[in-house]
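Analysis of the macromolecular model
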Amino acid sequence: MSETTIREPLLVELSSPGRRGVRFPEADVPAAAVPEALRRTSLPLPELSEVDVVRHYTRLSHFNHAVDIDFYPLGSCTMKYNPKVNEDMARLPGFAHIHPLQPEETVQGALAVMYYLQEYLKEIVGMAGVSLQPAAGAHGELTGVLIMRAYHRSRGDTKRNKILVPDSAHGTNPASSAMSGMRVVEIPSDDRGNIDLAKLKAECDDTLVGLMITNPNTLGLFEEHIEEVVQAVHDAGGLVYGDGANLNALLGIARFGDMGFDVVHLNLHKTFSTPHGGGGPGSGPVAVAQHLVDFLPGPIVEVVDEDEENGPTYGLVMPRHSIGRVKAFYGHFGVMVRALTYILSLGGEGLRQVAEDAVLNANYLRVQLQDTYHIPYNRLCKHEFVAEGRWEDAPGVRALDISKRLMDFGFHPPTNYFPLIVHEALMIEPTETESKRTLDAFVAAMKQIAREARENPEVLHEAPHTTPFGRVDEVKAARELVLTWFDWPQQG
Amino acid sequence: MSWKVAPHLKYTKNDEWINPEDGTVGITDYAQAQLSDVVYVEITVSEGDEVQQGDIVATVESVKAAADVYAPVSGTVVAINEDLADTPEVVNSDPYGEAWMVRLQIADPAELDGLMDADAYQKYCEEREA
């Protein structure tokens, strides 16, 4: 780290013996002794007052970047602004103060939220059923693959063990497939950034579980032959899994169900404007076509009784051949309230405009930057595009240097080094919530950095200069991994 | 970008090299430059294992990416380089020497004929840079 680094002490360093944040009142019941066998003799936790802890974490929060501070074009993550009305709704006592073990008749409003969200998500992606259980995107992927496996097994089709993943897919797709015990075969892209159809067809045989496809893909490009791709997989008896992480580009315009997909997961924390980037929590609902509805994880909210006077009664139901629970209780309920709020705030027209503006913003940046940065698959993109962070006449400058330098302008760096099919990748996703003024400021910064790369590369190599922490030595951090203060050599 | 190609080795499309003389296997200078600083190497096979051409024998992790290393030919693993666990940086500094990963007793020398020689591999790298 650079010499200007501000060092925030750790809580263990701020600790002072006997200091405490809470003084409990004297017990008004007899004390019960903890059995000797369960007691430990030392517990080296820091001892601090409440104000010590609050100041520590508040100072740390000032070192952080957030979408509420400035532009956050982290490709594939859809770091859009999250309207504060979502937070208001999630904090309503009827949502915030309920317990998951409460009887169903006492939480009908909460169940209605889940029911409406299920219905809206089904309509948005054109699928027959949805489960809100999965905790985040990759969890949704794993759930989707387990559903595909259960479907084949239920038909006695047990030799299928292969999942195809294009090289432009999200990096979690092969991991989710491998985790469910499947064999992963990577399919290359063609020179327009589409999946290579011939290579795909060559792998479509009777061992195929399915294809995991991200559409638009991680190049920000819509698969131009999507119907042929889906047909090839279906002809071989396989299923098509859609990674809906890039749904922001398609809202109200195209639906996975209409493209023939069998399973998709959605990222409420990306497309539907719930907070992420600071640990979430996320939410990755899985939606399926009619023939997979019975396999969904549960419970799912259904209308269990319809009364003309009192309206519907909602209940929690387990699908008939469910793969089981994938999450304790009902998934991340607070995230669902925020996502439903977002959907209702915008309405159908508004959601469509989200996609239109997201695509417009991405193409505006792409065209503004295409003469300065090489864009290998340079065609009309969807919500994001991928540029190369390198120039022949600036040897030694890498995507990482450009990204670190962007921090000096107050911007979060784009996604680096992914997808792997672009050299020194800079994956840029502006989202719909950014104004032209913000986009223009970003373009100006990117152009200045491109000039600096030729004229003064040192300023890039040493960046960032204006942040509380300078350039972190990622290599040293990875090679000499120290995860706790107690293992730090200086502590002895 | 520049990279070195060793004349006496054979190469795969996945950027592994194999020494036809002693059966040692590693990743190429081009591959290590693409990966950037390597922070972790795990050899995933043990001495005595039989591997088929294309089986995973190691995984390499850098600050940028993780990559599998595949057996260039079929054979029996006769040695693994245990030092790499503590010194992954030699993959960057000496990819064709100290950073050998496994040594294979080559089952079928004819499989070597399907690999690229140094000239062909050099061209293959140049094409990808274009």
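**Concerning the overall build of chain B**
Of the regular secondary structure elements, chain B holds 3 helices and 9 strands. Element order for chain B, N to C, with α for helix and β for strand: β-β-β-α-β-β-β-β-β-α-β-α. Taking 2.2 N^0.38 as the reference for a compact globule, 130 residues should give roughly 14 Å; the C-alpha atoms of chain B span a radius of gyration of 13 Å, in line with that estimate. Principal-axis analysis of the C-alpha atoms places the extent of chain B at approximately 40 × 35 × 20 Å. Looking at chain B as a whole, 38% of its 130 residues are labelled buried.

**Describing the packing of helix α11 (residues 333-369) of chain A against helix α13 (residues 436-455) of chain A**
Residue and element names in this part refer to chain A. Between α11 and α13, whose axes approach to 10 Å, the crossing angle comes to 30°. Relative to α13, the element α11 is oriented roughly parallel. For the element pair α11 and α13, the recorded crossing hand is right-handed. Residues Asn-361, Tyr-364, Leu-365, Gln-368 and Leu-369 of α11 touch α13, and the partners they reach there are Leu-439, Val-443 and Met-446. For the contact of α11 with α13, the per-class residue count stands at 6 nonpolar, 2 polar and no charged.

**So, α13(A)**
Residues and elements named next belong to chain A. For α13, built from 20 residues, the straight-helix expectation of 28 Å at 1.5 Å per residue is met to within 8% by its first-to-last C-alpha distance of 28 Å. Where α13 is concerned, the buried positions are Phe-442, Met-446, Ile-449 and Ala-453. End-on, the buried residues of α13 take up no more than an arc of 60°, which puts them together on one face. α13 presents Lys-436, Arg-437, Ala-444, Arg-451, Arg-454 and Glu-455 as exposed residues on the side facing more than 90 degrees away from its buried surface. Buried-residue contacts for α13 involve α11, α12 (399-407) and α14 (457-461).

**Looking at the environment of Ser93(B)**
In this fold, Ser93(B) is placed in helix α2 (residues 90-93). Spatially, the C-alpha atom of Ser93(B) lies 15 Å from that of Glu61(B), the residues being 32 residues apart in sequence.

**Comments concerning the domain arrangement of chain A**
Residues and elements named next belong to chain A. The domains assigned to chain A are domain 1 (85-346) and domain 2 (347-478). Relative to domain 2, the C-alpha centre of domain 1 lies at a distance of 30 Å. Taken residue by residue, the interface counts 21 residues in domain 1 and 23 residues in domain 2. Class assignment of the residues belonging to the side of domain 1 that touches domain 2 gives a composition of 10 nonpolar, 9 polar and 2 charged.

**Observations regarding the packing of helix α5 (residues 108-125) of chain A against α11(A)**
Residue and element names in this part refer to chain A. It is the contact of α5 with α11, at a shortest axis distance of 10 Å, that shows an interaxial angle of 55°. It follows from the interaxial angle that α5 and α11 lie oblique. Like other packed secondary-structure pairs, α5 and α11 cross with a definite hand, here left-handed. Listed contacts from α11 to Ala-110, Val-113, Met-114, Tyr-116, Leu-117 and Tyr-120 of α5 are Phe-333, Met-336, Val-337, Ala-339, Leu-340 and Ile-343. Along the lines of polarity and charge, the residues of the contact of α5 with α11 split into 12 nonpolar, no polar and no charged.

**Overview of the confidence of the model for chain B**
It should be kept in mind that the predicted coordinates are not to be read in detail where pLDDT is low. When pLDDT is averaged along chain B, the result is 95; 100% of the residues meet or exceed 70. Reported for the predicted complex are a pTM of 0.89 and an ipTM of 0.75.

**What about the sheet that holds strand β12 (residues 425-428) of chain A?**
Residues and elements named next belong to chain A. Across the sheet, 3 strands lie side by side as β10-β12-β11; this open sheet has antiparallel pairing. Each edge of the sheet is formed by a strand with only one pairing partner; in this case those strands are β10 (385-388) and β11 (415-416). The sheet contact formed by β10 and β12 spans 4 bridges and is antiparallel. In the strand pairing of β12, Ala-387 is matched with Leu-426.

**Quick notes on the environment of Arg454(A)**
Residues and elements named next belong to chain A. For Arg-454, the location among the structural elements is in helix α13. For Arg-454, a count of 11 C-beta atoms within 10 Å gives the class exposed. Taking C-alpha positions, Arg-454 is 64 Å from Arg-39, a pair spaced 415 residues apart along the chain. Contacts of Arg-454, omitting those with residues within four sequence positions, involve Asp-393 and Ala-394.

**Considerations on the nonpolar core**
With 115 residues, the main nonpolar core has Met114(A), Ile147(A), Tyr241(A), Val263(A), Ala287(A), Met336(A) and Ala339(A) as its most contacted residues. With 15 residues, α11(A) is the single largest residue contributor to this core. Counting residues domain by domain, this core receives three or more from each of domain 1 (85-346) and domain 2 (347-478) of chain A. Those residues in contact with Ala339(A) that lie beyond four places of it in its chain are Leu117(A), Leu268(A), Phe272(A) and Thr274(A). In terms of nonpolar packing, the next biggest core, distinct from the first, is built from 31 residues, Ala58(B), Ala99(B), Trp100(B) and Tyr121(B) among them.

**Examining the sheet that holds strand β5 (residues 239-243) of chain A**
Residues and elements named next belong to chain A. Taken together, 7 strands build an open sheet; the order of strands is β1-β7-β6-β5-β4-β2-β3 and the sheet is mixed. Two strands close off the open sheet at either side, each with one partner strand: β1 (129-131) and β3 (183-187). Averaged over all pairs of adjacent strands, the angle between their axes in this sheet comes to 20°, without regard to strand direction. Here helix α6 (residues 137-154) sits on the sheet in contact with β2 (162-166), β4 (208-214), β5, β6 (263-265) and β7 (286-288), set at roughly 165° to β6. Strand contacts of helix α7 (residues 172-179): β2, β3, β4 and β5, with the helix running at about 175° to β2, the strand carrying the most contacts.

**Quick word on unusual backbone geometry**
Residues and elements named next belong to chain A. Geometrically, the link from Asn-215 to Pro-216 is a cis peptide bond, its omega value of 0° lying close to zero. If you trace the backbone, Pro-216 turns up in the loop between β4 and α9 (226-235). Cis geometry is found at the peptide bond from Ala-463 to Pro-464, where omega equals 5°. Take Pro-464: it is sitting in the loop between α14 and α15 (474-479).

**Looking at the pairing of strand β6 (residues 56-62) of chain B**
All names here are of chain B. As paired strands, strand β4 (residues 38-43) and β6 are joined by 5 bridges and run antiparallel to one another. Bridge pairing links Tyr-40 to Glu-61 in β6. Two strands pair when backbone bridges link them, and β6 and strand β7 (residues 66-70) are joined in this way by 5 bridges, in the antiparallel orientation. Considered in β7, the bridge of Glu-61 is made with Ala-66. Linking β6 to β7, which pair antiparallel, is a turn of 3 residues.

**Let's talk about helix α3 (residues 118-129) of chain B**
Taking 1.5 Å per residue as the helical rise, α3(B) with its 12 residues ought to reach 16 Å, and the 17 Å between its terminal C-alpha atoms agrees with that figure. For α3(B), the buried fraction is low: 1 of the 12 residues fall into the buried class.

Criteria and cut-off values
Residues numbered from 1 in each chain as written. Chains lettered and ligands numbered in written order. Predicted model: local features only at pLDDT ≥ 70, side-chain atom pairs only at ≥ 80, totals over all residues. Helix = DSSP H or I, 4+ residues; strand = E, 2+ residues; numbered from the N terminus. Rg over C-alpha atoms; globule rule 2.2 N^0.38 Å. Buried ≥ 20, exposed ≤ 12 C-beta atoms within 10 Å, placed from the backbone. Axes fitted to C-alpha atoms, helices over the stretch in contact; angles between N-to-C directions. Parallel < 35°, antiparallel > 145°, perpendicular 65-115°, else oblique. Left-handed = near helix turned anticlockwise from the far one by under 90°. Contact = placed C-beta atoms within 7 Å. Nonpolar A, V, L, I, M, F, W, Y, C, P; charged D, E, K, R; others polar. Expected span 1.5 Å × (residues − 1). Arc of directions from axis to C-beta. Domains from an automatic or database assignment. pLDDT = per-residue confidence, 0-100. Pairing = 2+ DSSP bridges. Core = buried A, V, L, I, M, F, W, Y, C linked by C-beta atoms within 7 Å.

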